[in-house]
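Summary of structural features
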Amino acid sequence: MNFLRGVMGGQSAGPQHTEAETIQKLCDRVASSTLLDDRRNAVRALKSLSKKYRLEVGIQAMEHLIHVLQTDRSDSEIIGYALDTLYNIISNDEEEEVEENSTRQNEDLGSQFTEIFIKQPENVTLLLSLLEEFDFHVRWPGVKLLTSLLKQLGPQVQQIILVSPMGVSRLMDLLADSREVIRNDGVLLLQALTRSNGAIQKIVAFENAFERLLDIITEEGNSDGGIVVEDCLILLQNLLKNNNSNQNFFKEGSYIQRMKPWFHVGDENSGWSAQKVTNLHVMLQLVRVLVSPTNPPGATSSCQKAMFQCGLLQQLCTILMATGVPADILTETINTVSEVIRGYQVNQDYFASVNAPSNPPRPAIVVLLMSMVNERQPFVLRCAVLYCFQCFLYKNQKGQGEIVSTLLPSTIDATGNSVSAGQLLCGGLFSTDSLSNWCAAVALAHALQENATQKEQLLRVQLATSIGNPPVSLLQQCTNILSQGSKIQTRVGLLMLLCTWLSNCPIAVTHFLHNSANVPFLTGQIAENLGEEEQLVQGLCALLLGISIYFNDNSLESYMKEKLKQLIEKRIGKENFIEKLGFISKHELYSRASQKPQPNFPSPEYMIFDHEFTKLVKELEGVITKAIYKSSEEDKKEEEVKKTLEQHDSIVTHYKNMIREQDLQLEELKQQISTLKCQNEQLQTAVTQQVSQIQQHKDQYNLLKVQLGKDNQHQGSYSDGTQVNGVQPEEVGRLREEIEELKSNQELLQSQLAEKDSLIENLKSSQASPGTNEQSSAPASARDSEQIAELKQELATLKSQLNSQSVEITRLQTEKQELLRKTETFAKSAPAPGESEAGAAAKTTDVEGRLSALLQETKELKNEIKALSEERSAIKEQLDASNSTIAILQNEKNKLEMDVTDSKKEQDDLLVLLADQDQKIFSLKNKLKELGHPVEEEDELESGDQDDEEDEDEDDGKDQGPM
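These remarks concern the structure in this document. Values in this document were obtained by computation on a predicted structure and should not be read as measured data.

Now for the overall build of the protein chain. Looking only at helices and strands, one finds 43 helices and four strands in the protein chain. For the protein chain, restricting intrachain contacts to residue pairs at least 6 apart in sequence, the fraction spanning at least 24 positions comes to 72%. When the accessible surface of the protein chain is totalled, it reaches about 52500 Å², and 52% of it is carbon and sulfur.

This is the structure we're talking about:
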């Protein structure tokens, strides 16, 4: 307030004096008027003055306006005027007509008035409560005022809203407002609210913000929408950027799938408005937020997976290969695709399969590399292509092998009809454009990153330099260009490639040292005293020479580790060598390149270091320094240790391979077992089906035989006799089987009855116990004897039934023998061919009668067998009942035994007590004798001991009386 009064005092008097008085009168009217209309008119007048006389109205009227918001809530019109006035005071949006000498002071008016307003946190809470009003004249100015407060002093206002109950939820309701102007300004309000505040971002996300914002973007036409789409996208960026919780919530809520329609760009001739370009640019940035290399690896890979599964990556690749796409959108799409595929094998494999819509089709990688090595392409586009290539090769040994294989002699297309990625990189490596040299060298270095196999493969690459001359290796050609003194950018790129190539690859070091000109060139470069521009090249040469020492396997006698160290000491000096090596990490562009994987440079001359190379320098600088200072003895010891470790590693690797093979064999065996189990189950089911089918066929066959026999009875006596011979033995055989089965069942039942008899006898013998046990268990034994009698009766019944069954079985057997005999007799009496027809007819009638009698007897036998089986089941049920009765008796017997044991224990205790009592009585008698009292006989004592005790008590009472 003092500051504001000072500003007021510094302003010149004159016309403003009258306005100040007017404002004062209006404020008095707001404060003192009892009529609502008077207060409303005064606030309306203050509103009209607040834009031109912002300072005066702010100083005099702010307190009164806040009071109006508190007391006149029922009148929406006066509340709207008050909010508009406060907005005009606090907002810096309107241009202020002020004198030049006070311009600097008025620039900070908004933050000063905001500080006054939020000094009382209740004012912000009051404003939040007013936003619940649906009236347009209250809600809209309230939204604008709160947005202005957040723009002026965002962190302080955010903290007040965060601690306010339901504060964020009230603001989220603005997105559901049917009036577009309030909804759109609500988006702007939430943008300011969520800026750099993780806690509020999480609350807004869990208040269903993603769903609502994506709905608004869809309603507005996705990328073809207006500035509202851009505002929603910026708010989504605020919610997701550097907020792992919200990113995970976004992915788990399947919102990534809803991003795919954003990138349907339509026909190339549909035109690209400035707003559409802006919208697509922000949409691509939003995709990059989800897959940024700075995110946790697990979260990034899960988002990459979701983007491939929903087709988002495929849609981005379509834009990548489309024609008519604006250059900045194409560049940002390349960067986005780069991060969607970076380090995720499935997406990298898909990208490798993408072809450009050309004739003939070419791989997308080749088309992009053409742009990278073309010096006429924009610089930012070339940087984006390099980043895409790096991301394609990042942790992708398969892709690295494919790139290197395009350089090998066996895979190069002899016809020359198609250009490969390797040929483009070699072309860029040796072109006259230094930027192409640098990009191609870095791209080739990424094809070798952490891949010893490809480093060795690249040694096979031979280049034809000119007609008539023999080809030279790629490694030799790189060193040749270095020695020719090309541009610094070219030399730096080649040195980075050579350092990456030779590190962790002793074979490549041997090839490098085999050229006798390489070591003198490096030592000469390091030893010279050159300007600052050449110091970086000197440092890289020192790094390359240090790698040649550290990874040297001493296979070349003239360039062994010790000899190279002696050469450094004589030609350069160890301290000077280490100092030159340190030039790399001290370079101003080194730290910039080490921060982010993306090669993002303002101009080509800043393109010096690669991000992955800075990691290599950090890793090797210390070990090379130690290797230079080590003595030969320490080197020998280290080599011995290395050999030991290598042997150990080889043994471990051998066992690992064995274990891996065994695991594979186990897996194969498990799979075979599971397959065999499935086959076994299938075969068992097939066998069961076949058995049932065979049984059905048998039944059908028997029925057919019976029917055939009935049909043939009318065809003659010979055929009748044959049919009887065919059918009757089968019936007899089936009866024989049933009789045998009944016999076995009878034997089983008899054995079970014998077991039960023995068990009952045991129970009987155990029940007869003498003495006190009999007395205590008398009721129980009576009950047991009754049950045993019942069991005996049941057993007698069962035995009689069994006897009757055995008689029945005997009768059936005799009948069976008679049937067999009759059948044989009938077979013998079959008519001969020469007999007369009359005799045959008589015999046929006789046979028919016998056959019908036999069939009748068979039916009767079947009925009897059925009755026997029913009786057998009834006997079985009775046996089960007897079993349960025996179990009950056994339980009761156990209980009785426990009772007997307890009673015996109680008797023993009583005997002990009686013995103790007798002992006490005997001791008391002795005492009485000693005292001179007469003691009675034992039997009298037993009869009158109670009387004596009473007399003794009376005597004691008399003796105590006189006292």
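After presenting the structure, the write-up continues.
Another point: a negative patch on the surface. Taken together, the side chains of Asp899, Asp902, Glu906, Asp908 and Asp909 define an acidic patch exposed on the protein surface. As for its position among the elements, Asp902 is in helix H42 (residues 837-931). Look at Asp902 and you get partly exposed, because its relative accessible area is 43%.

It is worth spelling out the pattern of salt bridges at this point. Enumeration according to the criterion identifies 22 salt bridges in this entry. Taking the shortest distance from any N to any O, the salt bridge between Arg40 and Glu77 comes out at 3.7 Å. In this pair, Arg40 is assigned in helix H3 (residues 36-50) and Glu77 in helix H5 (residues 76-90), connecting sequence segments 37 residues apart. The exposure class assigned to Arg40 is buried, which follows from its relative accessible area of 12%. By relative accessible area, which is 36% here, Glu77 ends up partly exposed. With a closest N to O distance of 3.5 Å, Glu612 and Lys615 form a salt bridge. Here Glu612 pairs with Lys615, and both are found in helix H37 (residues 611-629), just three residues apart, close to one helical turn. Take Lys615: its relative accessible area is 41%, and that puts it in the partly exposed class. Linked by salt bridges that have partners in common, Asp37, Arg40, Arg44, Asp75 and Glu77 make up one network.

Turning next to the environment of Tyr590. Its location among the elements puts Tyr590 in helix H36 (residues 588-595). Given a relative accessible area of 8%, Tyr590 falls into the buried group. Taking the C-alpha atoms as reference points, Tyr590 and Ile608, 18 residues apart in sequence, are found 8.2 Å from one another. Setting aside its immediate chain neighbours within four residues, Tyr590 contacts Ile584, Ser585, Phe609, Thr614, Val617 and Lys618.

Now for unusual backbone geometry. A cis geometry characterises the amide bond from Asn359 onward to Pro360, with omega recorded as 0 degrees. Tracing the chain through its elements places Pro360 in the loop between strand E1 (355-356) and strand E2 (362-363). With phi around 60 degrees, Met166 is a residue other than glycine that occupies positive phi space. Of the residues examined, Met166 reaches a relative accessible area of 56% and is grouped as exposed. Look at Asn242: it is not a glycine, yet its phi comes out positive at around 55 degrees. Along the polypeptide, Asn242 turns up in the loop between helix H15 (227-240) and helix H16 (244-252). Accessibility expressed as a relative area gives 65% for Asn242, which makes it exposed.

Take the side chain of Asn123 next. Of note, Asn123 is situated in helix H8 (residues 121-130). According to the relative accessible area criterion, Asn123 is buried, its value standing at 7%. With residues near it in sequence (within four places) discarded, Asn123 still touches Ile66, Gln70 and Phe117.

Cut-off values and rules
Residues numbered from 1 in each chain as written. Predicted model: local features only at pLDDT ≥ 70, side-chain atom pairs only at ≥ 80, totals over all residues. Heavy atoms only, no water. Helix = DSSP H or I, 4+ residues; strand = E, 2+ residues; numbered from the N terminus. Contact = heavy atoms within 4.5 Å. Areas by Shrake-Rupley, 256 points an atom, 1.4 Å probe, with all protein chains shown as cover. Patch = residues over 30% accessible without salt bridge, like charges linked within 9 Å, V, L, I, M, F, W, Y side chains within 5 Å. Salt bridge = Lys/Arg side-chain N within 4 Å of Asp/Glu carboxyl O. Lys, Arg positive; Asp, Glu negative; His and termini not counted. Charge placed at Lys NZ, Arg CZ, Asp CG, Glu CD. Buried < 20%, exposed > 50% of the residue type's maximum accessible area, 1.4 Å probe, protein only.

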